[in-house]
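The primary structure of each chain is shown beneath.
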Amino acid sequence: MDKNAIEIGRLLRSGIAGYVAGARVSEKESPQFGALVRAPLGADLQTYGLIYDIHVDDDGLVRQLVTAENVDAAVIEDNRVNRVVPMEMSIMAVGYRNGESIVHLLPPRPPLSLDVIHQCSPAELVEFTSAGSFGYFRHILRAPDAPVGEILAAHIQAASAAHEEAGNSEWRAEATQELITLLRDDYATLMAVLSALGDALPE
Amino acid sequence: MPVDFITIKDQIKKISAHAPEEAERLQGLHKQARELLAAHASEISALREKVNTAASQDAFLRCALPVKEELDAAFSVPRLPESATVLAADGSQINPDRHAALNFYLINVGALSMELGSIKAPETRVQSSLHFGEYTSAGTISESMVALQRDTRERAFLVELAQDAGQPLFTLTDGPLELWGGKGGSSEESESFTKNLAEYKQALTTLAGIGAATAGYVDKPRADLVVQLLEVAAAHREELGELRNKRPLRGATDANLFKEILEPGQRSAVYAIQSKSAREYAGPLGLHFFYLNVGRPGKPWLARVEVPSWVVENSEMLGNLHAILVDQCRMLGSRPYPYLLHRAHEEAVVTRLEKQQISDMLQRELQAQNLETGEESQKQSVKNLPGRRRFTLGQKRN
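Quick caveat: nothing in here was measured; it's all calculated off a predicted structure.

**Q** Could you give an account of the pairing of strand S2 (residues 18–23) of chain A, with specific residues and numbers?
**A** Residues and elements named next belong to chain A. Burial of S2 is extensive: six of the six residues sit out of reach of the surface. Covered by surrounding structure in S2 are Gly-18, Val-20 and Gly-22 together with Tyr-19, Ala-21 and Ala-23, the residues of both alternating faces. Sheet topology note: the strand S1 (residues 6–14)/S2 ladder contains four bridges and is antiparallel. Considered in S2, the bridge of Leu-11 is made with Ala-21. Between S1 and S2, which pair antiparallel and follow one another directly, the connecting turn spans three residues. Relative to strand S5 (residues 87–98), S2 runs antiparallel, the two sharing six bridges.

Next up, the structure:
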């Protein structure tokens, strides 16, 4: 596990199937849609998840500031850094780590309030996606409210880049083949996924 | 039982029946006031002398006192200083509640510091002060005593932050610069006022000493200080002693008077405050004010800005303060109000949940020492009972 992974926020609320994390709004180290993240579950346990939604709520002051002709840079910074209007990230659980082994099942328990959420490094992404045989895809395909095709496209784009960097250029084809197998009876979803993959991964 | 809306509706009809007549009366008063303002605009010395005469006959006379600018003068907004530090503080409180389980109160002051022209986020600070088990001979500490302490702490917090702030420095608070309180209360309230006033004036003196401007920003002012000056101007000398009881322009307000005179961004002439209580602020602390139109074309919005003598006597400082306030109000677009003052309020405000958390923390600490913590009154407990709930299948128990 990479000790230098980027801290992207803290847990607001959680369940077995997923959790929501909050973070200050910052352009520098903002989490990305489809990114693999992890949260602690105890001494040797970590849960892994994929970010499937990111949103920033407004409030009365933000709505009022929009009516100003120009918004000062310091005022924008004040609202992003000081005010309690966090960026919220919805994360679906896709597996967990128990000691040295990675499991593509739902975690045994949810992470707790204010636990730190880290974005996984490319090395961790390679480690997680190499474990087993794409068992975590079923969590993504079953997600009721998530834009499945877009998540898979973003995830496969990031993961294949990490695998290619690590010298494995076959991972992307294997992942795509696995998706075709899993979705062979669901033509509509398969087309949506392949279309998104086609946009994300042009040849 | 809900409000008796049938009766209320009748009352509203009666009120609105008189509204056109009242609006016409007020319009007439404001027209008269504007004519008086124009007619006496340049009589600065004569008016000062007349106000002093009126004050000698009526110790409670409270009105504006011209300083040196013509009464109907309007000054356009100067350029913003290239660099400056703006500090704003605002306070909030949890008042003592005799129905609560514990007798405590809290004063919370929020402050922000912003560097003009910088892209850095303003620095935020909060100072919280918890008071437990304090009583007066009348019972718990009164709300007005807490408000007094809050106002004093706002100014003291600004002084604390001003020590390390960059110059030129401008400090803002919401509300009048003059400390209010101490009237009609118990001797303890009066003593508390005297003590707080001394601390408050010391804080102002320190700000003056370090060359920081300070101002109290009054949004939607209802005052009629200039209107009362015009009443003095129009009165015969033999009427001056009785003027406060006659009030020929009663109902007219300074804000309505100046909104016809000041263009967006413009300020009025600076006036001093003639009042018995204002005499407490002598020399560099002398209380002054001007009106400022922070609105936009076709939508004037007047604020009263109270400033001490040391700001009035420094024309560069006064001009920069004028520019900074217009800039701060512009930041909030269609609701012109100084951005930093709003943010200071946001930082300071204490929620009901926070009040409950503080009470719980206090109770736990006292119970850990096997001390009796008391209970909330039965009246409060009954008020806190939950409202009616609807049964639905599968409903969880709360």
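**Q** Any details on the packing of helix H6 (residues 171–182) of chain A against helix H7 (residues 187–200) of chain A? Residues and values, ideally.
**A** Residues and elements named next belong to chain A. At a minimum axis distance of 10 Å, the contact between H6 and H7 shows a crossing angle of 160°. Here H6 is positioned roughly antiparallel relative to H7, judged by the angle of their axes. The hand of the H6/H7 crossing is left-handed. Between H6 and H7, the contacting residues are Thr-176, Leu-179 and Ile-180 on the first element and Leu-190, Val-193, Leu-194 and Leu-197 on the second. Split by residue class, the contact of H6 with H7 holds six nonpolar, one polar and no charged.

**Q** Summarise the interface of chain A and chain B; cite the residues concerned and give the values.
**A** Across the boundary between the two partners, chain A contributes 16 residues, which contact 19 residues of chain B. At the boundary of chain A with chain B, total buried surface from both sides reaches about 1,400 Å², with 54% on carbon and sulfur atoms. Our enumeration of links across chain A and chain B arrives at two salt bridges. For Asp-72 of chain A, the salt bridge is made with Arg-330 of chain B, and the minimal N-O distance between the two is 3.3 Å. Of all the secondary structure elements, the ones that give two or more residues to the side of chain A that touches chain B are helix H1 (60–65) and helix H2 (73–82) of chain A. For the side of chain A that touches chain B, the element with the highest residue contribution is H2 of chain A, accounting for eight residues. Per-class residue counts for the side of chain A that touches chain B are seven nonpolar, five polar and four charged.

**Q** Can you break down the environment of Glu-238 of chain B residue by residue, with the values?
**A** Residues and elements named next belong to chain B. Along the chain, Glu-238 falls in the loop between helix H5 (225–234) and helix H6 (243–246). Relative accessible area serves as the criterion here: at 67%, Glu-238 is assigned to the exposed category. Considered as a pair, Glu-238 and Ser-142 are 96 residues apart in the sequence and their alpha carbons are 43 Å apart.

**Q** Account for unusual backbone geometry, with residues named and values stated.
**A** Residues and elements named next belong to chain B. That bond from Gln-167 to Pro-168 is cis: its omega, -10°, falls within 30 degrees of zero. Inspection of the secondary structure assignment puts Pro-168 in the loop between helix H3 (143–162) and strand S8 (169–174). At Lys-220, a position not held by glycine, the phi torsion is positive, near 45°. In this structure Lys-220 comes out as exposed when scored by relative accessible area, which is 55%.

**Q** Before we move on, could you go through the pattern of salt bridges and cite the residues and values that matter?
**A** All names here are of chain B. Under the defined criterion, the tally for this structure stands at 21 salt bridges over all chains. Of the charged contacts in the structure, one is a salt bridge between Glu-49 and Arg-237, with a shortest N-O distance of 2.7 Å. Taken together, the positions of Glu-49 in helix H2 (residues 44–57) and Arg-237 in the loop between H5 and H6 put the pair 188 residues apart, joining distant regions of the chain. Exposure remark for Glu-49: the relative accessible area of 41% places this residue in the partly exposed category. The closest approach of N and O atoms between Glu-347 and Arg-343, which form a salt bridge, is 3.1 Å. Separated by four residues within a single helix, Glu-347 and Arg-343 lie in helix H10 (residues 339–348), roughly one turn from each other. On the accessibility criterion, Arg-343 (0% relative accessible area) is buried.

**Q** Residue-level account of the pairing of strand S11 (residues 271–274) of chain B, with values.
**A** Residues and elements named next belong to chain B. Covered by surrounding structure in S11 are Tyr-271 and Ile-273 together with Ala-272 and Gln-274, the residues of both alternating faces. Pairing between strand S1 (residues 63–66) and S11: four bridges, direction antiparallel. Counted as the bridge partner of Pro-66 is Tyr-271 from S11.

**Q** Go over the packing of aromatic side chains with me, naming the residues and quoting the values.
**A** Taken as a whole, this structure holds ten aromatic pairs over all chains when the rule is applied. Between Phe-134 of chain A and Phe-137 of chain A, the ring centres sit 5.1 Å apart and the planes meet at 25°, which makes this aromatic pair stacked. Phe-134 of chain A gets classed as buried once you look at its relative accessible area, which sits at 10%. Joined through ring pairs, the aromatic side chains of Tyr-48, Phe-128, Phe-134, Tyr-136, Phe-137 and Trp-171 of chain A make up one cluster. Here the guanidinium or amino end of Arg-267 of chain B rests over the ring plane of Phe-75 of chain B, the centre of that ring lying 4.1 Å away. Directly above the aromatic system of Phe-290 of chain B lies the positively charged group of Arg-267 of chain B, at a separation of 5.7 Å from the ring centroid.

What counts as what
- Residues numbered from 1 in each chain as written.
- Chains lettered and ligands numbered in written order.
- Predicted model: local features only at pLDDT ≥ 70, side-chain atom pairs only at ≥ 80, totals over all residues.
- Heavy atoms only, no water.
- Buried < 20%, exposed > 50% of the residue type's maximum accessible area, 1.4 Å probe, protein only.
- Helix = DSSP H or I, 4+ residues; strand = E, 2+ residues; numbered from the N terminus.
- Pairing = 2+ DSSP bridges.
- Axes fitted to C-alpha atoms, helices over the stretch in contact; angles between N-to-C directions.
- Parallel < 35°, antiparallel > 145°, perpendicular 65-115°, else oblique.
- Left-handed = near helix turned anticlockwise from the far one by under 90°.
- Contact = heavy atoms within 4.5 Å.
- Nonpolar A, V, L, I, M, F, W, Y, C, P; charged D, E, K, R; others polar.
- Buried area = accessible area lost by both parts, 1.4 Å probe.
- Salt bridge = Lys/Arg side-chain N within 4 Å of Asp/Glu carboxyl O.
- Phe/Tyr/Trp six-rings, centres within 6.5 Å; stacked < 30°, edge-to-face > 60°.
- Lys NZ or Arg CZ within 6 Å of the ring centre and 35° of its normal.

These values are about where atoms sit, not about what they do.
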